[in-house]
Amino acid sequence: MVVRRCFIAWGFISFLIIGCGDLTISSTDITKQVVQESNVNQLLTEVEDSQKAKTLLNQGNNLLDTNRYKEALTFYNQAIAIKTDNVETWVNRGNALIALHRYEESLESYEKAIAIQPNKNEAWYNRGNALTALQRYEEAVKAYNEAIAIQPNKDEAWINRGIALTKLRRYKEALASYNQAISIKPNLHQAYYNKACNYALQNNVELTIENLQKAIQLVPEKYSNLAKTDSDFDQVRDDQQFKQILESKE
């Protein structure tokens with residue numbers, strides 16, 4: 001490095017010192033102004049980006065509500081490209097992916113949401129649904145437990161937890177889960193039907209029929225038709241009482 005040396009005549013020193021002092025103050029003022037303008041511009045950009053992301057999210061939600069899942073996913077991806085920390089976008093992106101049977105990808109989306117907001121009930125609940133679809137029932141139960149810890153009165157979480165526990169053949173725990181759902185919402189037809197399935201898998205004909213009748217009373221056509229082909233009832237299908245229930249609804 002070559003150092004340039006500059007010799008200044010003594011008579012100019014006081015002038016230059018004053019001049020340099022004035023220049024320093026002026027430069028500081030200009031720097032502050034530039035920083036302030038930069039901050040304002042950054043804030044305006046952030047507000048603009050947030051508005052764009054919100055608009056894209058709303059468009060995605062409208063498409064999700066009308067079952068146009070692929071199109072919804074496109075809008076959610078665009079929103080995330082602009083703003084990566086919106087929990088609702090990640091959750092609804094996961095919901096669109098579940099609807100498209102892209103369960104592994106949906107898990108990633110829910111995990112992103114949980115990383116941003118660990119107490120997001122919907123993220124844990126839907127994560128449980130994705131894990132159930134992947135037949136990863138132990139993990140699904142844990143996800144439902146998290147959802148229930150955040151929102152104890154979420155009857156859907158109690159029902160789906162019961163389904164996962166039934167798949168694990170943890171029948172008593174599953175029944176307790178269904179009963180908890182019924183205590184929250186007494187006429188919960190899904191819970192009664194799933195209780196019937198649980199008892200059928202244990203070959204308990206009496207309690208199978210009792211709970212299936214309750215489900216059919218609440219939603220007749222749906223459950224009488226479903227029970228005709230549901231493999232959970234295979235062990236009790238030849239029972240005369242069971243046949244009579246289904247025949248009486250034809």
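Quick notes on the rules
- Residues numbered from 1 in each chain as written.
- Predicted model: local features only at pLDDT ≥ 70, side-chain atom pairs only at ≥ 80, totals over all residues.
- Heavy atoms only, no water.
- Helix = DSSP H or I, 4+ residues; strand = E, 2+ residues; numbered from the N terminus.
- Buried < 20%, exposed > 50% of the residue type's maximum accessible area, 1.4 Å probe, protein only.
- Contact = heavy atoms within 4.5 Å.
- Areas by Shrake-Rupley, 256 points an atom, 1.4 Å probe, with all protein chains shown as cover.
- Core = buried A, V, L, I, M, F, W, Y, C linked by side-chain atoms within 4.5 Å.
- Axes fitted to C-alpha atoms, helices over the stretch in contact; angles between N-to-C directions.
- Parallel < 35°, antiparallel > 145°, perpendicular 65-115°, else oblique.
- Left-handed = near helix turned anticlockwise from the far one by under 90°.
- Nonpolar A, V, L, I, M, F, W, Y, C, P; charged D, E, K, R; others polar.
- Salt bridge = Lys/Arg side-chain N within 4 Å of Asp/Glu carboxyl O.
- pLDDT = per-residue confidence, 0-100.
- 1 Å grid on protein atoms, 1.4 Å probe; cavity = no way out; pocket = protein on both sides within 12 Å on 5 of 7 lines; lining within 4 Å.
- Points joined across faces, edges and corners; volume = space filled by probe spheres on them.
- Phe/Tyr/Trp six-rings, centres within 6.5 Å; stacked < 30°, edge-to-face > 60°.
- Lys NZ or Arg CZ within 6 Å of the ring centre and 35° of its normal.

Helices and strands together make up the secondary structure of the protein, namely 12 helices and 0 strands. Here the protein holds 250 residues, and the buried ones make up 36% of them. Intrachain contacts of the protein at a sequence separation of at least 6 include 48% that bridge at least 24 residues. Of the roughly 15300 Å² of accessible surface on the protein, a fraction of 51% belongs to carbon and sulfur atoms.

Another point: the nonpolar core. If you look at the biggest cluster of nonpolar residues, it comprises 49 residues, and the most contacted ones within it are Tyr193, Leu212 and Phe233. For leucine 212, the contacting residues outside a window of four places in its chain are Tyr193, Ala196, Tyr223, Ala227, Phe233, Phe242 and Leu246.

In this section: unusual backbone geometry. Even without glycine at this site, histidine 101 takes up a positive phi of about 60 degrees. Structurally, histidine 101 is set in the loop between helix H3 (87–99) and helix H4 (103–116). In this model, asparagine 203 sits at a positive phi of 60 degrees, which is unusual for a non-glycine residue. Tracing the chain through its elements places asparagine 203 in the loop between helix H9 (189–201) and helix H10 (205–218).

Running from N to C, helix H7 (residues 155–167) and helix H8 (residues 171–184) cross one another at 165 degrees; their axes reach a closest spacing of 8 Å. Between H7 and H8, the angle falls in the class roughly antiparallel. Judged by the twist between their axes, the crossing of H7 over H8 is left-handed. Residues Asp155, Trp158, Ile159, Arg161, Gly162, Ile163, Leu165 and Thr166 of H7 lie in contact with H8, whose contacting residues are Tyr171, Glu173, Ala174, Ser177, Tyr178, Gln180, Ala181 and Ile184. In terms of residue class, the contact of H7 with H8 is built from 9 nonpolar, 4 polar and 3 charged.

Counted by the stated rule, this structure contains 12 salt bridges. Glutamate 71 serves as the salt-bridge partner of arginine 68, at 2.8 Å between the closest nitrogen and oxygen. A residue is classified by how much of its surface remains accessible, and arginine 68, at 40% relative accessible area, is partly exposed. The exposure class of glutamate 71 is partly exposed, given its relative accessible area of 37%. Overlapping salt bridges, with partners in common, bring together Glu104, Arg136 and Glu139 in one network.

Turning our attention to the environment of leucine 134. Topologically, leucine 134 is positioned in the loop between helix H5 (121–133) and helix H6 (137–150). Among the residues examined, leucine 134 registers a relative accessible area of 25% and is labelled partly exposed.

Let's shift gears to the confidence of the model for the protein. With 80% of its residues at a pLDDT of 70 or more, the protein has an overall mean of 86. Predicted confidence is poor over residues 1–25, with pLDDT under 50, and the contacts of this stretch with residues over four places away or in other chains come to 1 contact.

In this model, the largest pocket occupies a volume close to 210 Å³. Forming the walls of the largest pocket are Ile163, Thr166, Lys167, Arg169, Tyr171, Tyr178, Asn194, Cys197, Leu201 and Asp232. A breakdown of the residues in the lining of the largest pocket according to their chemical character gives 5 nonpolar, 2 polar and 3 charged. Put simply, the second largest pocket is a space of about 170 Å³. Ile98, Tyr103, Asn129, Thr132, Ala133, Tyr144, Asn160 and Ile163 are the residues that line the second largest pocket. Secondary structure elements with two or more residues in the lining of the second largest pocket: H5 and H7. Residue contributions to the lining of the second largest pocket peak at 3 residues, all from H5. Partitioned by chemical class, the residues of the lining of the second largest pocket number 5 nonpolar, 3 polar and no charged.

Taken as a whole and assessed by the stated rule, the structure comprises 4 aromatic pairs. A ring pair is formed by phenylalanine 233 and phenylalanine 242, whose centres lie 5.4 Å apart and whose planes are at 35 degrees; its orientation type is tilted. Linked through ring pairs, Tyr193, Tyr223, Phe233 and Phe242 together constitute an aromatic cluster. Lying over the aromatic face of tyrosine 125, lysine 154 brings its terminal NZ or CZ to 4.7 Å of the ring centre.

Before going further, it helps to examine the environment of isoleucine 209. Mapping isoleucine 209 onto the fold places it in helix H10. Placed 33 residues apart in sequence, isoleucine 209 and phenylalanine 242 show a C-alpha to C-alpha distance of 6.4 Å.

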